[in-house]
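Listed here are the chains, written in short residue letters.
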Amino acid sequence: MTASPDPRPLGQDAHGGPVQAFFLKPGTARRPRIVRGEGLYMWDDAGRRYIDVSSGPVANNLGHGNRRVLDAMQRQAEAVTFAFPSLFETEANVMLSDLLTSLAGPGLERAFFVSGGSEATESAIKLCRSYALAKGEPARVKIIGREPGYHGATLGALAVTGDEHQHAIYGPLLRAMPKVPAPWTYRLPDNHTRESYARHCAQALEEKIQSEGPETILAFIMEPIGGLATGALVAEDVYYRLVREICSRHGVLLIYDEVMSGAGRSGTFLAADHWPDARPDLVILAKGIAAGYTPMGCVLAPAELVRDVAEAGGFMHGFTYYSNPLSCAIGHAVLSELVERDLMANAAARGTQLLEALQGVAERSALIGDIRGRGLLLAVELVGDKASKRQLPLELNAPTRFQQIAMDQGLAVYSRRTSNGQYGDWFMVSPPLTVTAEQIEEIAAGLEQALATYQDELAGAGVLS
Ligand code: PLP
């Protein structure tokens, strides 16, 4: 194993402070220093191995050290690493656009590449606005989002993100956009079934559009399969159809944020493919399209929409690194792997196996209240009491504590509380799409062990009845 050449005390920077000063609260255990990754596994500088249970933050879809991607990276780097798209066209960009739009299917013929999910959200927002102006509808200035929901960390993305806590801190810097409730399936208001609540939430969108004034609404943005904000929430089928109908009726563009759910993770290329009668107008991708090998995001849009914007003067928007050729070459290699190794089918099959394995764990664990998701985008919700679905006491910060226990046992798990702890008592179980049947069993067994350790700790503290 390569030892770290850094002579400083571990976790300490040149100024004697913590290396991760921006992220870690004082007193938090320092994070392992990773020196190598291969497939599902990562190793730290002390030679300890970690299972990448959640693919980082659900990004690393091909596992670590993929040979084809590394070779493509090197080939493109040797050819040309940078060519500004306002001045030049590159083969890498053209090839990635062709492959990605052919996978995305009809109605999503144009791809605008950026450096991550937040930039993709910003770009989609501006594209919607540009389209409204091109159509002569300047009054359209609002994008409705869901509560809770997550669309990125930049201010425009935060405006459409549903997270009370973030809005309490950064809200005064921006113009928050209207929100409607997410169609929960686990804890339902009294007198609701899943189906009736899904209808209720779709109706809430209709009412919000009406109360805001339909002529002022540009778009509705939602995660078709939730990410961390909802713990992989999948709504009842009727929700998608109703939302599509409502948006179409009011000339409101429907944006699917597939930063987490896209690029094969749910078992189909887009999560949207699970609901063919509810196709979105725009799709945002990131994470999986480059699988953590380079920062990359993308907005997919219909050819006519882009043409109308171009004819009205063009899209007044861009970044230094948009359509970066090195990133595009990497994205092309990632998607080629996805297709040629049939990893979407693997995501579907291994996802079913993982779900069943976790359901078995849930039967033996007092802590698992719900398991949600589709394909290899799953989340496990922790509760203090299964029967009443009671949350664990807020002050315990269960997801963070569980994350630490798992890490100590060699499992890297992604979790984070949101909205002042109102949401987020879950962790993502979303290994790379290359995961094997044996590795699924290894993950389930590891999680069962870590959950048992946490359950013992909580029982010892008298938290569990
Ligand atoms: N949208 C969703 C659904 C996400 O999960 C994320 C990131 O987790 C983003 C947008 C923002 O992406 P990024 O962190 O690449 O800016």
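Model, not experiment: these values are computed from the prediction.

How each quantity is defined
- Residues numbered from 1 in each chain as written.
- Predicted model: local features only at pLDDT ≥ 70, side-chain atom pairs only at ≥ 80, totals over all residues.
- Heavy atoms only, no water.
- Helix = DSSP H or I, 4+ residues; strand = E, 2+ residues; numbered from the N terminus.
- Polar contact = N/O pair within 3.5 Å; in protein donor to acceptor, adjacent residues only side chain to side chain.
- Contact = heavy atoms within 4.5 Å.
- Pairing = 2+ DSSP bridges.
- Axes fitted to C-alpha atoms, helices over the stretch in contact; angles between N-to-C directions.
- Near = heavy atom within 4 Å.
- Areas by Shrake-Rupley, 256 points an atom, 1.4 Å probe, with all protein chains shown as cover.
- Nonpolar A, V, L, I, M, F, W, Y, C, P; charged D, E, K, R; others polar.
- Domains from an automatic or database assignment.
- Buried area = accessible area lost by both parts, 1.4 Å probe.
- Salt bridge = Lys/Arg side-chain N within 4 Å of Asp/Glu carboxyl O.
- Phe/Tyr/Trp six-rings, centres within 6.5 Å; stacked < 30°, edge-to-face > 60°.
- Buried < 20%, exposed > 50% of the residue type's maximum accessible area, 1.4 Å probe, protein only.
- Parallel < 35°, antiparallel > 145°, perpendicular 65-115°, else oblique.
- Left-handed = near helix turned anticlockwise from the far one by under 90°.
- Arc of directions from axis to C-beta.

A closer look at the side chain of T101
And step 1. With respect to the helices and strands, T101 occurs in helix α3 (residues 91-104).
And step 2. There is a polar contact of 3.4 Å between the side chain of T101 and the backbone oxygen of D98.
And step 3. With residues near it in sequence (within four places) discarded, T101 still touches L108, E109, R110, A111 and L300.

Concerning the sheet that holds strand β8 (residues 253-257)
And step 1. With respect to topology, seven strands assemble into an open sheet ordered β4-β10-β9-β8-β7-β5-β6, the strand pairing being mixed. Each edge of the open sheet carries a strand with a single partner, namely β4 (110-114) and β6 (179-181). Ignoring which end each strand starts from, the neighbouring axes of this sheet average 20 degrees apart.
And step 2. Alignment of strand β7 (residues 217-222) against β8, held across four bridges, turns out to be parallel. Its bridge partner lying in β8, A219 is registered against L253.
And step 3. Helix-sheet contacts for α3 involve β4, β9 (282-285) and β10 (297-301), and the interaxial angle to β4 is about 120 degrees.

Overview of the site of the ligand
And step 1. Near the ligand you find G116, G117, S118, Y150, H151, G152, E223, D257, V259, M260 and K287, and these make up its full shell.
And step 2. Here G117 contributes a backbone N or O atom positioned 2.8 Å from an oxygen atom of the ligand.
And step 3. Contact with the protein chains covers 81% of the free accessible surface of the ligand, which is 390 Å².
And step 4. Of the residues contributing to the shell around the ligand, the split by class is three nonpolar, five polar and three charged.

Focus: the domain arrangement of the protein
And step 1. Its domain assignment divides the protein into domain 1 (34-59 + 343-460) and domain 2 (67-340).
And step 2. The interface is formed by 37 residues belonging to domain 1 together with 39 residues belonging to domain 2.
And step 3. Three residues, M344, R374 and K389, lead the burial of domain 1 against domain 2; their summed loss comes to 23% of the area buried on that side.
And step 4. Summed over the shared surface of domain 1 and domain 2, the number is one salt bridge.

A look at the sheet that holds strand β11 (residues 368-374)
And step 1. Taken in spatial order, the three strands make up an open sheet running β11-β12-β14, and their pairing is antiparallel. Either end of the sheet is taken by a strand with one partner, and the two such strands are β11 and β14 (426-429). The average undirected angle you get between the axes of adjacent strands in this sheet is 20 degrees.
And step 2. Pairing of β11 with strand β12 (residues 377-382) involves six bridges; the strand directions are antiparallel. Paired with I371 across the bridge in β12 is V380.
And step 3. Its contacts with the sheet place helix α13 (residues 437-460) against β11, β12 and β14, and it is angled at close to 165 degrees to β14.

A short note on the packing of aromatic side chains
And step 1. This model, assessed by the stated rule, comprises 12 aromatic pairs.
And step 2. Each ring, one from F84 and one from Y322, has its centre 5.8 Å from the other, and the planes form 90 degrees; the classification is edge-to-face. Pair noted here: F84 is in the loop between α2 (67-79) and α3 and Y322 is in the loop between α9 (303-311) and α10 (325-340), with a separation of 238 residues, a long-range link.
And step 3. Assessed through its relative accessible area of 27%, F84 is described here as partly exposed.

A short note on the packing of helix α7 (residues 194-212) against helix α8 (residues 237-249)
And step 1. Between α7 and α8, the least distance of the axes is 9 Å, while the angle of their chain directions is 15 degrees. Looking at the two axes, α7 sits roughly parallel to α8. With respect to the hand of their crossing, α7 and α8 are arranged in right-handed fashion. Residues E195, A198, R199, C201, A202, L205, E206 and I209 of α7 touch α8, and the partners they reach there are V238, Y239, L242, V243, I246, C247 and R249.

Comments concerning α9
And step 1. When we look at burial in α9, the residues that qualify are A303, L305 and V309. Along α9, the residues classed as buried sweep out an arc of 165 degrees about the axis, all on the same side.
And step 2. Packed against the buried residues of α9 are β4, α4 (117-134), β8, β9 and β10.

Quick word on the pairing of strand β3 (residues 49-52)
In the case of a regular strand, side chains alternate between the two sheet surfaces.
And step 1. With three bridges connecting them, strand β2 (residues 41-44) and β3 associate as antiparallel partners. The partner of W43 across the bridge, within β3, is R49.
And step 2. Connecting β2 to the antiparallel partner β3 that follows it, the hairpin turn spans four residues, and G47 within it adopts a positive phi of roughly 85 degrees.
And step 3. One ladder, built from two bridges, connects β3 with strand β13 (residues 411-412); its direction is parallel. Note that in β13 the partner of I51 across the bridge is L411.

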